[in-house]
Amino acid sequence: MGSTLILKSSQLPPSARFLCTRDNNPYPGDGQTSKRSSGWTQGHGGVKNSTIRRRTEEYLRDSVEVSDKSSTAWRRSPVSKSVFAAGTAKRMTEMLKRKSALVSLDDQEDPEERATSRAVKLQPPEQPLSVTEWMKLKESLGNPQYFDRQMMTVLIKAMAELDIAKSLLTFVAVEKGTLSYELLLRYLTLCVMGGHDSEVVDVYDIMLGTFSSLDPGACSLFIKSFSRTERWRKALGVLQELKKVFTPSSRNYGDIISGAMLNGERSTAWALYDELIEKGLSPHQDTWEALFKAERKTEEEKRTETVSQSEHEERLQAILLYMRNNNIYPQQRLANCIKTWFESLEGQKWTGKWTRATLKGVCKCCGSELESIWLTDEEYQQLKDRVMTDIIQGQDVFKKTTPEELERFKAFVERRPAFDVVIDGLNVANITKNKHMQSEMLLAVVSELVGQGLTVLVLGRKHMLRPSKNWGRDHMNLIKQKAHCFFTDNISEDDPFLLYASLNSGKHCQFVSRDLMRDHKACLPDDATRRLFFKWQRGHQVVVHGLSLASRRVKFQSILSFDTIIQTSADSWHIPYDDTEDRSSHEVPQRWLCLSKKH
């Protein structure tokens, strides 16, 4: 059954009737409510744009070319920074796309098909239409079944004037005698995205009075809108209703925290923040921004505030420690808020400067030495134990080798001295795009390391021992003479062996590979161990940077001696921050905020 609702003048022309289908379930028989609504709540209720996940595993392929035409020249990676430096993966990906002349899927689309698609694509009208005009437009498009929803989506993408959307609602109400939940949800999205918060209040009353329940998507939109107005407490009520049937998102909490802080309700904001953390949610950066933004309070407000200034300061510094413990880096906007907040503290004389660190890990601003990248003995033993248990002895490892082969390798390692360097042989050989030079490439790397007096292990596969154009017999014999070698079955993968040999050899042992080992890091049981793995990886992974065939000399990228993590002392904070959108998850920022206190 439906019920008739007369809209206020702010919603539709007075002559229009707003008819909505009353239904206990906005999506009857679907069972996918959260999935449908999520498309409207991502990005504060906006339409989520798809992104292409870049394949950073190939970040160094073809970066070192071996060529007889330029054998006397250094052939080096176009990216001179560490593979863990922010933006390296993106720059390498773009370089590889140019070299391979790759094109996007859109570019591969047939021009005729693309033109046809554009021809039938809905276009938003430039002004409100009458019922008759909307009907003519719909008929000209062949009376599509979901014309109203599709057109409202188009209006959202175009951020059209609200009056146009209202005229569409009028048309649908006249044509169908009802407005569906999904259409209202789209209209609500347009209101929230366009900042029409007074309109949102009316839509809330209508939807709440018409439908027995609201889905999480609608709740999130209402929370966002209410939180940025003087009606922000209404968002608390929506949150309580949402919690009865669904776990609110960190965005839901963050919106209300922002509203509470904007209205001077510090205690409410911190109570919600504590609840967010207790539920295991990760705060958004703009939530931290809201908490860090300096408040201007009157003396009366300061006296009545239930959260003291000293407690507020402690809570904010605890956020920085949370970011440290979770390897989270503030983005530029948040870093600015942090800097402003420190400098605003009365009587404390904090000064913030944007800076970098030297290669030796010294802050260029204040001269402080940053924390070392090297793990402590306790951290190293903890990581070693977890890797041995969860990766080497885990069930998944036998998808990449056999128990017999792994035991044979363990016995092999026990009979050898501790290694200084472990080389992923096939990975290193594949650096060159000239497949006929693979063994020569591997030999050059081995020779360079052995020439430095290092004990080297080369991990390879048995097919590398069969003489071929790719794998020269003389080259492989020299490699076996210079280094310890272990060749696995051709179906095996090298990573578990590399990790075992490297960690078993001790804290000094490094490894040479382009592999970022994200799958293995994901096998570890908790965030703390994964952070240790990443720290160990950045301090021990060696990457080839350049090669001269004439002298058989190889250069490697420098390994930074310091850890890129938020750190503090009695009179200073050093905060690495994101000043770029190019940073991949395995990379670390290069810029720092140095905060020092003057006495």
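Residues numbered from 1 in each chain as written. Predicted model: local features only at pLDDT ≥ 70, side-chain atom pairs only at ≥ 80, totals over all residues. Heavy atoms only, no water.

Novice: Sorry if this is basic, but what is going on with the sheet that holds strand β12 (residues 567-569) here?
Specialist: Sheets are built from strands that pair by backbone hydrogen bonding, the pairs being arranged parallel or antiparallel. The strand order across the open sheet built from four strands is β4-β14-β13-β12, with neighbouring strands paired in antiparallel fashion. Looking at which strands have only one partner, the edges of the open sheet turn out to be β4 (350-355) and β12. For this sheet the average axis-to-axis angle between neighbouring strands, irrespective of direction, equals 15°. Here β12 pairs with strand β13 (residues 572-577) via three bridges, running antiparallel. By the bridge assignment for β13, Thr568 is matched with Trp573. Strands in contact with helix α17 (residues 332-344) are β4, β13 and β14 (591-597); relative to β4, the strand with the most contacts, it is inclined by about 155°. (Pairing = 2+ DSSP bridges. Helix = DSSP H or I, 4+ residues; strand = E, 2+ residues; numbered from the N terminus. Axes fitted to C-alpha atoms, helices over the stretch in contact; angles between N-to-C directions. Contact = heavy atoms within 4.5 Å.)

Novice: Just checking my understanding: could you explain unusual backbone geometry for this structure?
Specialist: For residues other than glycine, phi is negative in most cases, and the peptide bonds are mostly trans. In this structure, Met159 takes a positive phi of about 50° despite not being glycine. Residue placement: Met159 occurs in the loop between α6 (147-158) and α7 (162-176). Judged by relative accessible area, which is 39%, Met159 ranks as partly exposed. One non-glycine residue, Lys349, lies in the positive phi region at around 55°. (Buried < 20%, exposed > 50% of the residue type's maximum accessible area, 1.4 Å probe, protein only.)

Novice: Sorry if this is basic, but what is going on with the sheet that holds strand β8 (residues 510-512) here?
Specialist: If you trace the five strands from one edge of the open sheet to the other, you get β7-β6-β5-β8-β9, paired in parallel fashion. Where the open sheet ends on each side, the last strands, each with one partner, are β7 (484-488) and β9 (541-542). Across three bridges, strand β5 (residues 421-424) lies against β8 in parallel orientation. Counterpart to Val421 in the pairing with β8 is Gln510.

Novice: Could you clarify how one ought to interpret the packing of helix α18 (residues 377-392) against helix α25 (residues 527-540) in this entry?
Specialist: Each pair of packed helices can be described by the angle between their axes along with the distance between the axes. Their axes nearest at 10 Å, the elements α18 and α25 cross at an angle of 110°. Relative to α25, the element α18 lies roughly perpendicular. Here Glu379, Tyr380, Gln382, Leu383, Arg386 and Val387 of α18 lie close against α25, whose contacting residues are Thr529, Leu532, Phe533, Lys535 and Trp536. Within the contact of α18 with α25, the residues separate by chemical class into six nonpolar, two polar and three charged. (Parallel < 35°, antiparallel > 145°, perpendicular 65-115°, else oblique. Nonpolar A, V, L, I, M, F, W, Y, C, P; charged D, E, K, R; others polar.)

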